[in-house]
Amino acid sequence: RMRWHAVLTRPDRPDVRVPMPLDRLRDQAPTCYTFLPAKDGKPTRVLVGHYYGASLFELTPERAARTQLFTGHGGEVLSVVAAADGSWFVTGGADHTVAAWRLADW
């Protein structure tokens, strides 16, 4: 459950598998994800829901790097969805709460 890879697929090159740097203590069993397409000079990003919140990773062909950690749920996050413009996202948890999060840089 803790071994995830982002796979970059391009028609003109072989697939590239990049391991996701998930931490057993911090991420505690990832459950769901959604992608944020590359935009405004930022690479493709992925939001991964897990116990107590979600993590945002930036993906490049060389690596995946966690850039933000969002916590606030009282249990497992069961769903994550991002706004079309990529500026915010919502998580739904097993604790019967829905949380909205901002993705803008500080």
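Source: prediction; values computed, not measured.

The rules behind each value
- Residues numbered from 1 in each chain as written.
- Predicted model: local features only at pLDDT ≥ 70, side-chain atom pairs only at ≥ 80, totals over all residues.
- Heavy atoms only, no water.
- Pairing = 2+ DSSP bridges.
- Helix = DSSP H or I, 4+ residues; strand = E, 2+ residues; numbered from the N terminus.
- Axes fitted to C-alpha atoms, helices over the stretch in contact; angles between N-to-C directions.
- 1 Å grid on protein atoms, 1.4 Å probe; cavity = no way out; pocket = protein on both sides within 12 Å on 5 of 7 lines; lining within 4 Å.
- Points joined across faces, edges and corners; volume = space filled by probe spheres on them.
- Nonpolar A, V, L, I, M, F, W, Y, C, P; charged D, E, K, R; others polar.
- Phe/Tyr/Trp six-rings, centres within 6.5 Å; stacked < 30°, edge-to-face > 60°.

Colleague: Whenever I open this one, the sheet that holds strand β4 (residues 45-59) confuses me. Can you help?
Modeller: Across a sheet, strands are paired by hydrogen bonds formed along the backbone, either parallel or antiparallel in direction. Reading across from one edge, β3-β4-β5-β6-β7 is the order of the five strands in this open sheet, with antiparallel pairing throughout. The outermost strands of the open sheet, each flanked by one partner alone, are β3 (32-36) and β7 (98-102). Within this sheet the neighbouring strands show an average axis-to-axis angle of 30°, counted without direction. Of the pairings in the sheet, the one linking β4 to strand β5 (residues 64-82) comprises eight bridges and is antiparallel in character.

Colleague: Which parts of the structure should I look at to understand the pairing of strand β1 (residues 5-10)?
Modeller: On any regular strand, side chains alternate: one points to one face of the sheet, the next to the other face. Both β1 and strand β2 (residues 13-19) contribute to a ladder of five bridges, which runs antiparallel. Within β2, the residue paired with H5 across the bridge is P19. Following β1, the chain reverses through two residues before pairing antiparallel with β2.

Colleague: Sorry if this is basic, but what is going on with the layout of surface pockets here?
Modeller: One water molecule sets the probe size; rolling that probe over the atoms shows where empty space is left. Each pocket or cavity is described by its volume, and for the largest pocket that value is around 250 Å³. Forming the walls of the largest pocket are 17 residues, and the residues nearest its centre are K39, R45, D85, G86 and S87. Per-class residue counts for the lining of the largest pocket are nine nonpolar, two polar and six charged. In this model, the second largest pocket occupies a volume close to 190 Å³.

Colleague: How should the packing of aromatic side chains be read in this particular structure?
Modeller: Aromatic ring pairs: the centre-centre distance and the angle between the two ring planes describe each pair. A full pass over the atoms with the stated rule returns six aromatic pairs. Centroid distance Y33 to F35: 5.7 Å. Interplanar angle 80°. Geometry classified as edge-to-face. By way of ring pairs, the aromatic residues W4, Y33 and F35 are connected into one cluster.

Colleague: Explanation requested: unusual backbone geometry in the structure shown.
Modeller: Positive phi values are uncommon outside glycine, yet Y52 reaches one of about 75°. Its identity as a non-glycine residue notwithstanding, H96 has a phi of 65°, on the positive side. For H96, the position within the fold is in the loop between β6 (88-93) and β7.

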